[in-house]
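Take a look at the letters that make up each chain.
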Amino acid sequence: MPNTDLTRLRVALTVFFALDGFVFAGWVVRIPAIKEQTGASASTLGLALLGVSAGAVITMMLTGRLCRRFGSHPVTVVCGVLLSVSVALPPLTHSVPALGAVLLVFGAAYGGINVAFNSAAVDLVTALRRPVMPSFHAAFSLGGMVGAGLGGLVAAHLSPTRHLLALTVIGLLVTAVAGRTLLRHEPPVPPDRPRQEEHARQPLDGRTRGLVLVFGLIALCTAFGEGAMADWGALHLEQDLDAHPGVAAAGYSCFALAMTAGRLSGTALLERLGRTRTVVVGGTTAAAGMLLGALAPSVWAALLGFAVTGLGLANLFPVAVERAGALAGPSGVAIASTLGYGGMLLGPPAIGFMADWYSLPTALTSVAALAAVAAAIGFVTRRTTAG
């Protein structure tokens, strides 16, 4: 495939990653308004929000099979349409069961597009012969930051219905433009890699499945930290360190900005260190940063720890998904993504239980522990996963 076509594919996939983060963040900032509209309590809202998680996890493995059968590019475009349309549904509901049902659809589209465009990105990374996977995930992070910021600005002026409908229009327009490039080109497959159709017919052998699970565990350890930081970081700063609410809210921003910066520089880092060293150094850095963030006696030291944690975790998930996909195609991406998403779901409630048993700072050290586990897995399996 000519370099110009590869460049167009890279741009189109980057746009889809950014769109995913943008749409999902736009929904998240309107959750309080949807809660009030549906009359949900905190507990019933939590049950409804499980619809997103359930839909995503159920769909991820199915999407791997769809990508093998129809190709990752068409599946990405279809899921982009579904994601854009389904984000407009929550403000149309007026009961918790109805909200849970539409969130199941939204979660299915979200999980589906994540597997599809990560599978497409794995093929492109292989064709480019450069470790550019972190740049796609940086686009997701940037899209999320823009979506959250824009959502915060318009929340006082637009109802949830109008805001999320605007996201639908934007999503469909972006999908129509970027999707044309994906539909026009087949995923690039280098001559030294088996065609996807042949790969689909061959079941994963024990060694390959084991390696895919190893990378899935690294993704789980990473996503556990992301979920925990999103839900508990601000509370730790405000409750345990007496931070002003505005400063406490900046805790996750420090983490997210550092993670985005880490992913933007991820390609250069991977080219310099290689995948194994990137995982080991990243996991070790995140563990040290989270110990500082959880146990520091001052707010500013904790904020520094959160930023260091974001830098450390930034490239672990992209590397894990890319390696799993290189080993097993869309099935590998689906397995690693499902385990990673499971870690993101497991993190917040696990931190909550541990905080009740011990304390919130002690509970947050579990993020450091799992980051260290990811580093250890990368080091122990360095020879097995080489190449």
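Before any of the text, the structure's been laid out above.
These numbers were taken from a predicted model, which means no experiment stands behind them.

Counting secondary structure elements, the protein contains 15 helices and zero strands. Scaling as 2.2 N^0.38, a compact globule of 387 residues should have a C-alpha radius of gyration of about 21 Å, and the protein matches this with 20 Å. For the protein, the residues scored as buried account for 53% of the 387 residues in total. Entry remark: accessible area of the protein is about 16400 Å², with carbon and sulfur atoms responsible for 67%. Across the protein, the mean location of the 24 positive side-chain charges is 9 Å away from that of the 17 negative side-chain charges.

Our focus in this paragraph is the side chain of Thr59. Residue placement: Thr59 occurs in helix 3 (residues 42-70). The exposure class assigned to Thr59 is buried, which follows from its relative accessible area of 15%. Leaving out residues up to four positions away in the same chain, Thr59 has contacts with Ala108 and Gly112.

A few words on the packing of aromatic side chains. Applying the stated criterion across every chain yields a total of seven aromatic pairs. Ring geometry for Phe17 versus Phe117: centroids 3.9 Å apart, planes at 25°, classification stacked. Here Phe17 is found in helix 1 (residues 3-28), whereas its partner Phe117 is found in helix 5 (residues 96-128), with 100 residues between them in sequence. Seen in terms of ring centroids, Phe353 and Trp357 are 6.1 Å apart; in terms of plane orientation they differ by 25°. Their pairing is stacked. Taken together, the residues span about one helical turn, with Phe353 and Trp357 both in helix 14 (residues 316-357) at a distance of four residues.

Let us now look at the environment of His185. Mapped onto the fold, His185 is located in the loop between helix 7 (160-184) and helix 8 (196-201). Sequence separation of His185 and Leu6 is 179 residues, and the distance between their C-alpha atoms is 9.3 Å. Engagement of the side chain of His185 in a polar contact is seen with the backbone oxygen of Thr181, the distance being 3.0 Å.

Now for a nonpolar patch on the surface. A surface patch of nonpolar side chains, about 350 Å² in accessible area, is lined by Leu142, Met145, Leu257 and Leu264. Within the residue set of the nonpolar patch, elements represented by two or more residues are helix 6 (133-154) and helix 10 (245-264). Note that Leu264 resides in helix 10. The exposure class of Leu264 is exposed, given its relative accessible area of 55%.

Parameters at a glance
- Residues numbered from 1 in each chain as written.
- Predicted model: local features only at pLDDT ≥ 70, side-chain atom pairs only at ≥ 80, totals over all residues.
- Heavy atoms only, no water.
- Helix = DSSP H or I, 4+ residues; strand = E, 2+ residues; numbered from the N terminus.
- Rg over C-alpha atoms; globule rule 2.2 N^0.38 Å.
- Buried < 20%, exposed > 50% of the residue type's maximum accessible area, 1.4 Å probe, protein only.
- Areas by Shrake-Rupley, 256 points an atom, 1.4 Å probe, with all protein chains shown as cover.
- Lys, Arg positive; Asp, Glu negative; His and termini not counted.
- Charge placed at Lys NZ, Arg CZ, Asp CG, Glu CD.
- Contact = heavy atoms within 4.5 Å.
- Phe/Tyr/Trp six-rings, centres within 6.5 Å; stacked < 30°, edge-to-face > 60°.
- Polar contact = N/O pair within 3.5 Å; in protein donor to acceptor, adjacent residues only side chain to side chain.
- Patch = residues over 30% accessible without salt bridge, like charges linked within 9 Å, V, L, I, M, F, W, Y side chains within 5 Å.
- Salt bridge = Lys/Arg side-chain N within 4 Å of Asp/Glu carboxyl O.

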